[in-house]
Amino acid sequence: MNTHMTRIYFIVLFSMLTVLFVNSSMLALRNPLGEAPDEPAHMDYARFVAVNQRLPVQCADPCRSDVPGEGHQPPLAYVIAALVTYPWIDHNEWVPQSINPTFVWNNGSDGQALIHGTRELWPWQGTILAWRIMRMLSAVFITIAVGVVWLIAQRITTPDIALTAVALLVITPQTAIVGSTMSNDALLMLFSSMAIYQSITVTRRRDMLWLGIWLGLAIITKFSAVILLPLILWSSWQALRGHVRWQGFLVASAVVALSSGWWFWRNYTLYGDVLGYELFQQTYASGAIDLWAINTWQQLIQQVIRSMWGIFGWMSLPMPDWWYVIGATINIICIFGIGLRLRHTPRPRDIWWMSGALIVGAFVWLISLGMTVGAVAWQSRLVIMIWPIASIILAAGFIRGVGARLHPVMLLGIALIGASTSMIIWAAQIGPSFRFDMPALAATETPLAVTHNEVFVEKTSGGGILLIDSDVSPAPAPGQTVTITLRWQVITRPAQAWEVFVVVRNPQKVWFVDVRDRMHPRVPSTVFTPGDCFISTHQVSIPAQLPTNEYIMQIGLVDTTTQQRAVKRNDAGKILGDSINVSFSVGTPTP
């Protein structure tokens, strides 16, 4: 390849990687926090490491694990995230987001998994800012990993296949999704890519040392990287000779054991289980999966392909069907091309046999994972360790099998169109599916007429909900409506389902009106999050027969379950009753 074409290839490669980084960054910055499978637990792991400066420990009920759901994971990705974001992480108590009561996995109809409150909105601060930075780390990791895929493909095949492999990764939305999420997947792909690249560049014993390092780092990032361990035997057997072969094998194996073995020994000493999976599995109740049923395999293939071509949220917000048709068609063309390539190649190179074996091993792993935690585990990201080699094989099928040799600029155009289309679909269909149920701080900064600064809380609890101030519409005539505006700030998440009560009485304590109203029109108080600020508006109809007089409006909170009122505390924590009193006059009826 001449210098001019080499320059074109590198420009196109750099452009594709830029597109991927931009797409990943846009999702990282715009997608609501936690709206990706298990992301809140991944973030909790990193925050736990930063705050406690130790690794989390699992335990069985009634004991609560330090990081429920993800505490079994090897720690490297979380340690890196904790180190990078340590200056921003709040070290006081962290209250996680609430699960959306109408989420589809809660037998609802809403694809949004979590309730998103004021603290998540711009300007980001503290742990929320740290979470966004953790996501941007994933964008960096995934971009570098795809760049390494180019290096791998350059070594084992041609530049056009290498560029096509990169283009396939850029146009499939799952790549950008992984690069926009706080998890260990992006770092796993980076170390897996480096391990695969190192395995095909081994020429001496020292190279086997680096192969062991990359494999050890991959395994201490996520246990599924053990699928790549055969690379040690394959590399030493292919590249080395005589006693150096066994020395290289032993060196790489020893480095893997030293860099990751301590984690498995820790699990064994803590749990009697080297993987720490037994306690993890108690969290899940896997459904029965019949591997002899055709629909099981149909579900497996369909779900893997659909996840690769983009399912957002917690596998709850799919792309349009026509997009999946395009993606499946591309996959079918590539697989068909692989078949043609094998047919016309009497003896495929050993690297292709090794690659095929890794892919088979990865899917065996995926099936076994589905048997453990259910069919929800059948996602393409869970075999991300073989994405580098799988994308190259698919690209080879497309280029060599089908016979389509595309100019690098054409490939760049396809990558731009594909990636842009997926982002347009996200902006038009997926993004609007998410909502913030609480306003930004700027929307609640304007003071109301009467200042209160009093906290409503259950009698034996701390924290509570602060009533900052209030406003009541001008005095009405009988038969008209009074509008009450209240400005709140959540200090702690209530365990009670609070409603606002409004009682109208005269100075002799004779009641005329008793109204109850939700604090928030969509969100129950039990899912409020500390830091939420919002304004609630309530209307009270004044009875037409009410005589002209001075009246008192009592306003407070009542638990809809127990019918008990919240007590009111001032800044010093002193109980001052259970309501605020607002005086108003009822004037002469209007004609």
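Below is a short write-up of the structure. (Residues numbered from 1 in each chain as written. Predicted model: local features only at pLDDT ≥ 70, side-chain atom pairs only at ≥ 80, totals over all residues. Heavy atoms only, no water.)

**Regarding the pairing of strand E3 (residues 450–457)**
Of the strand pairs in this sheet, E3 and strand E4 (residues 465–472) are connected by five bridges, and their pairing is antiparallel. Residue pairing in the sheet places Thr451 in a bridge with Asp469 of E4. Examined bridge by bridge, E3 and strand E10 (residues 567–569) share three bridges and lie antiparallel to one another. If you follow Val457 over to E10, its bridge partner there is Val567. (Pairing = 2+ DSSP bridges. Helix = DSSP H or I, 4+ residues; strand = E, 2+ residues; numbered from the N terminus.)

**With respect to the state of the cysteines**
Taken as a whole and assessed by the stated rule, the structure comprises one disulfide. Bridging Cys59 to Cys63, the disulfide has an S-S length of 2.0 Å. The sign of the S-S torsion, about -80°, decides the handedness of the disulfide formed by Cys59 and Cys63: left-handed. Overall, Cys63 belongs to the partly exposed group, its relative accessible area being 39%. (Disulfide = S-S within 2.5 Å. Buried < 20%, exposed > 50% of the residue type's maximum accessible area, 1.4 Å probe, protein only.)

**Here's the deal with the sheet that holds strand E11 (residues 580–586)**
Whether parallel or antiparallel, the strands of a sheet pair through hydrogen bonds between backbone atoms. As summarised here, the arrangement of the four strands in space is E7-E6-E9-E11, forming an open sheet in which the pairing is antiparallel. Looking at the sheet topology across the chains shown, the edges are occupied by strand E7 (511–518) and E11. Averaged over all adjacent pairs, the angle separating strand axes in this sheet is 25°, with direction ignored. The pairing of strand E9 (residues 549–559) with E11 spans seven bridges and is antiparallel. Each bridged residue has a counterpart across the sheet, and for Met553 the counterpart in E11 is Val582. (Axes fitted to C-alpha atoms, helices over the stretch in contact; angles between N-to-C directions.)

**Quick notes on the nonpolar core**
In this structure, Met16, Met189, Met385, Ile386 and Ile392 are the most contacted members of the largest nonpolar core, which totals 137 residues. The element that contributes the greatest number of residues to this core is helix H4 (residues 126–156), accounting for 15 residues. Grouped together as the second largest cluster of nonpolar side chains are 32 residues, Ile484, Val500, Val523 and Met553 included. (Core = buried A, V, L, I, M, F, W, Y, C linked by side-chain atoms within 4.5 Å.)

**So, unusual backbone geometry**
Residue Pro123 follows Trp122 across a cis peptide bond; omega there is 5°. As for its placement among the helices and strands, Pro123 is situated in the loop between helix H3 (76–85) and H4. Positive phi outside glycine occurs at Met315, with the angle close to 55°. Within the element layout of this structure, Met315 appears in the loop between strand E1 (311–312) and strand E2 (317–318).

**Quick word on the packing of H4 against helix H7 (residues 185–199)**
Two numbers describe how H4 lies on H7: the axes approach to 8 Å, and their chain directions differ by 20°. Put simply, H4 runs roughly parallel to H7. The element H4 and its partner H7 pack so that their crossing is left-handed. Of the residues in H7, those touching H4 at Ser138, Phe141, Ile142, Ile144, Ala145, Val146, Val148, Val149, Leu151, Ile152 and Arg155 are Ala186, Leu187, Met189, Leu190, Ser193, Met194, Ile196 and Tyr197. Per-class residue counts for the contact of H4 with H7 are 16 nonpolar, two polar and one charged. (Parallel < 35°, antiparallel > 145°, perpendicular 65-115°, else oblique. Left-handed = near helix turned anticlockwise from the far one by under 90°. Contact = heavy atoms within 4.5 Å. Nonpolar A, V, L, I, M, F, W, Y, C, P; charged D, E, K, R; others polar.)

**Remarks on helix H10 (residues 242–271)**
For H10, which comprises 30 residues, the first-to-last C-alpha distance of 42 Å matches the rise-based estimate of 44 Å (1.5 Å per residue) to within 8%. At Ser260, H10 is bent by approximately 50°, the largest bend along its length. Those residues of H10 that fall on the buried side of the exposure criterion are Arg245, Gly248, Ala252, Val255, Val256, Ser260, Trp263, Phe264, Arg266, Asn267 and Tyr271. Looking one or two residues beyond H10, the residue adopting positive phi is Gly272, at roughly 70°. (Expected span 1.5 Å × (residues − 1). Bend = angle between axes of the 7 residues up to and from the residue.)

**As for the side chain of Ser65**
With respect to the element layout, Ser65 can be found in the loop between helix H2 (39–52) and H3. In this structure Ser65 comes out as buried when scored by relative accessible area, which is 15%. Within the local environment of Ser65, its side chain forms a polar contact with the backbone nitrogen of Cys59, the two atoms lying 2.9 Å apart. Those residues in contact with Ser65 that lie beyond four places of it in its chain are Val57, Gln58 and Cys59. (Polar contact = N/O pair within 3.5 Å; in protein donor to acceptor, adjacent residues only side chain to side chain.)

**Points about the environment of Leu209**
With respect to the helices and strands, the residue Leu209 is situated in helix H8 (residues 205–219). Apart from the residues lying within four places of it in its own chain, the contact partners of Leu209 are Val251 and Val255.

**Brief notes about the pattern of salt bridges**
Counting across every chain of the model gives ten salt bridges. In this structure, Arg435 and Asp110 form a salt bridge, with 2.8 Å as the shortest nitrogen-oxygen distance. Placement of the pair is Arg435 in the loop between helix H16 (408–430) and E3 and Asp110 in the loop between H3 and H4, with a sequence separation of 325 residues. On the basis of relative accessible area, Arg435 is assigned to the partly exposed category, the value being 27%. With a shortest N-O distance of 3.7 Å, Lys568 and Glu454 are connected by a salt bridge. Remark: Glu454 occurs in strand E3 and Lys568 occurs in strand E10; sequence separation between them is 114 residues. Per residue, the accessibility class of Lys568 equals that of Glu454, and both read buried. (Salt bridge = Lys/Arg side-chain N within 4 Å of Asp/Glu carboxyl O.)

**Remarks on the environment of Gly361**
Within the element layout of this structure, Gly361 appears in helix H14 (residues 350–373). Of the residues examined, Gly361 reaches a relative accessible area of 22% and is grouped as partly exposed. For the pair Gly361 and Val226, spaced 135 residues apart in sequence, the C-alpha to C-alpha distance is 10.0 Å.

**Looking at the packing of H7 against helix H9 (residues 230–239)**
It is at 9 Å that the axes of H7 and H9 come closest, and there the two elements cross at 20°. Relative to H9, the element H7 lies roughly parallel. Remark: the crossing between H7 and H9 carries left-handed chirality. Counted together, Ala195, Ile196 and Ser199 of H7 and Leu231, Trp234 and Ser235 of H9 form the full contact between these two elements. Looking at the contact of H7 with H9 residue by residue, the classes come out as four nonpolar, two polar and no charged.

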